[in-house]
Amino acid sequence: SQSLDLEKTLETALDAVLQVIEMDSAGISLVDEVNGELVLRAQRGWRHDFVTQPMRIPLGEGMSGHVVREDEVLVTGAPADAKAHADAPPLAVPEFAAEGIQAMAMAPMHAGGCVVGVLSVMNHEPYQVTDDQVEVLRVIADQVGIAIENARLYENTKSHSSRLDAVLNSSGDAIIATDNHGHINLVNQTAEALFTLNRNTLLGLPLRNAPLHPKLREGLRRAMSNDASGNTVFEVNLEDGRFLSAIVSPVYAHQTIENPQQEEGWVLVVQDITHLRRAEQTRVNFIQAAAHDLRNPLGATMSALTMLQNEVTPEQREIVDLGVQGLIRMQDLIDSLLNLEHIESGVGLKRDPIDVHDLIERGLIDVQSQIQQTGQKLRIDMPPDLPTILGDMHWLHRALVNLLSNACKYTTAGDQITMRAYVHDQELYIEVEDSGPGIPIEAQTRLFERFYRVPEVKHKVKGTGLGLAIVKSVVEQHCGRVFVQSKPGQGSIFGMIFPVSEPCEHA
């Protein structure tokens, strides 16, 4: 019972039982529930090897099947007062007859209230098994059953752990995890390579104090201090030109005997998305150049169709109207692209004191009709004394309206949207929470990319895929950050974070 090595436990158990019951051989068979068999796992003193190619007996067949089914000790070759079974079931494995066993006692082994195997003691010469020995065998069998079950559970745990290690170390994402006290207990090989650290320097450290890049550690600190229970996604741009995307997820542990308080662990997953950012920049450069070149011919085409609207028959007018609607959508797309270029250039961006209440009221006015049409409920949660921030009201208003419009589009009619603003750790948080379908974790790191739309919903809800990209650009021009917290089926929170402790100078 002191060993968690299954094979060692089996061998030790056989030696122990033969010291107590003086017969010349013994065997242990374990129940295989998956295949419906009783499998011989260890033997001692047998004339033939039935373990290398394990003896397998279908559950319910033969003498061992009787022991498992009836949950009782079976004795053969003993006098009647020792509960011998003269009508013992026939052998399920005929080859076993070659052993020449003259006396045998088979006892069920229990663990967790179930029969987990059979412990057998045998003799090649006539032997009378007494009632006292049957009772001793019964007790030993249960003790062995518990020890074997513990060893088997430990072996399964080790097997699962090995598979998990293989999966984690083959992942292209850097993964760092902590125990319930926040101390690092897992670092995969990708994390070692990405952060150029040896895992031994990280193991045992509090995650907050890990020797990571300052920008990554600061984002990690903010995510861990956030009161929300969902995942937090953020990006960092390193000085060497690399872009990293991070997901921070809390892992809650239930109460334990040692500590009745609920503890919290963390999992940090980091992806190097530099190649995606470079590909995106190449695509953006091309699209922006094309957008500039398309404005003039689009304007000319729109003018021509507008003139035609009053010169055609009603049937023809319907066709012309379709063309005009298509041009308007294309114009909106081009305007969004040029707006992004304007925002990212920073040209003409104002730095005026912004009353946050005024900003939010303007945003709510713009989406009020959209909310009323769907019968959605709007909940506003913000204190009366929010600080001012420095920025451009036009662009901040645009970013807020984009978040509110998204919440309206993805929230079911009649459900609630929450508009929230508060100050935490010298930063202003503006959040929009919807009760929509939620976002898969694998999509959350790409939500603020240009033209990216979640595959599951992009065919159901119209959009250009630029709304959140505009939000991100506006917020970053104001020295802020964006974030998303979401779980599939539980809605989403999109947020903007702005510094309030000191004037912002955009890098």
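Whatever comes next refers back to the structure up there.
Here's a quick rundown of the structure. (Residues numbered from 1 in each chain as written. Predicted model: local features only at pLDDT ≥ 70, side-chain atom pairs only at ≥ 80, totals over all residues. Heavy atoms only, no water.)

A tally of regular secondary structure across the chain gives 12 helices and 18 strands. Going through the 507 residues of the chain one by one, you find that 45% of them count as buried. Long-range pairs, those at least 24 residues apart, make up 62% of the contacts in the chain between residues at least 6 apart in sequence. Accessible area of the chain: about 26500 Å², with a carbon and sulfur share of 52%. (Helix = DSSP H or I, 4+ residues; strand = E, 2+ residues; numbered from the N terminus. Buried < 20%, exposed > 50% of the residue type's maximum accessible area, 1.4 Å probe, protein only. Contact = heavy atoms within 4.5 Å. Areas by Shrake-Rupley, 256 points an atom, 1.4 Å probe, with all protein chains shown as cover.)

Within this structure, the stated rule accounts for 2 cavities of 30 Å³ or more. Here the largest cavity is characterised by a volume of approximately 240 Å³. Listed by contribution, the elements that provide at least two residues to the lining of the largest cavity are β1 (25-32), β2 (37-44), α2 (62-70), β5 (103-111) and β6 (114-123). Partitioned by chemical class, the residues of the lining of the largest cavity number 15 nonpolar, 5 polar and 1 charged. One number sums up the size of the second largest cavity: a volume of about 120 Å³. For the lining of the second largest cavity, the secondary structure elements donating two or more residues are α6 (214-225), β9 (232-237) and β17 (481-486). (1 Å grid on protein atoms, 1.4 Å probe; cavity = no way out; pocket = protein on both sides within 12 Å on 5 of 7 lines; lining within 4 Å. Points joined across faces, edges and corners; volume = space filled by probe spheres on them. Nonpolar A, V, L, I, M, F, W, Y, C, P; charged D, E, K, R; others polar.)

Looking at the element boundaries, H357 is found in helix α9 (residues 356-374). Of note is the side chain of H357, whose polar atom sits 2.9 Å from the backbone oxygen of P383. Sequence-distant contacts of H357, that is, excluding residues within four places in its chain, are made with M382, P383, P384, D385 and L386. (Polar contact = N/O pair within 3.5 Å; in protein donor to acceptor, adjacent residues only side chain to side chain.)

This next bit is on the layout of surface pockets. Computed from the structure, the second largest pocket encloses a volume of approximately 680 Å³. Taken together, 32 residues make up the lining of the second largest pocket; nearest its centre are N406, K409, Y410, G467 and L468. Only α10 (393-410), β16 (427-434), α12 (467-477) and β18 (492-499) provide two or more residues apiece to the lining of the second largest pocket. For the lining of the second largest pocket, the element with the most residues is α10, which contributes 9 residues. Of the residues contributing to the lining of the second largest pocket, the split by class is 16 nonpolar, 11 polar and 5 charged.

The subject of this paragraph is the sheet that holds strand β13 (residues 377-381). Strand pairing in a sheet is mediated by backbone hydrogen bonds. Such pairs are either parallel or antiparallel. On the basis of which strands lie adjacent, the open sheet formed by 5 strands has the order β13-β15-β16-β18-β17 and mixed pairing. Since the sheet does not close on itself, it has two edges, and those belong to β13 and β17, each with one partner. The average undirected angle you get between the axes of adjacent strands in this sheet is 15 degrees. Alignment of β17 against β18, held across 6 bridges, turns out to be antiparallel. Opposite S486, over in β18, you have S492 as the bridge partner. In the packing of α12 onto the sheet, the strands contacted are β17 and β18, and the crossing angle to β18 comes to about 20 degrees. (Pairing = 2+ DSSP bridges. Axes fitted to C-alpha atoms, helices over the stretch in contact; angles between N-to-C directions.)

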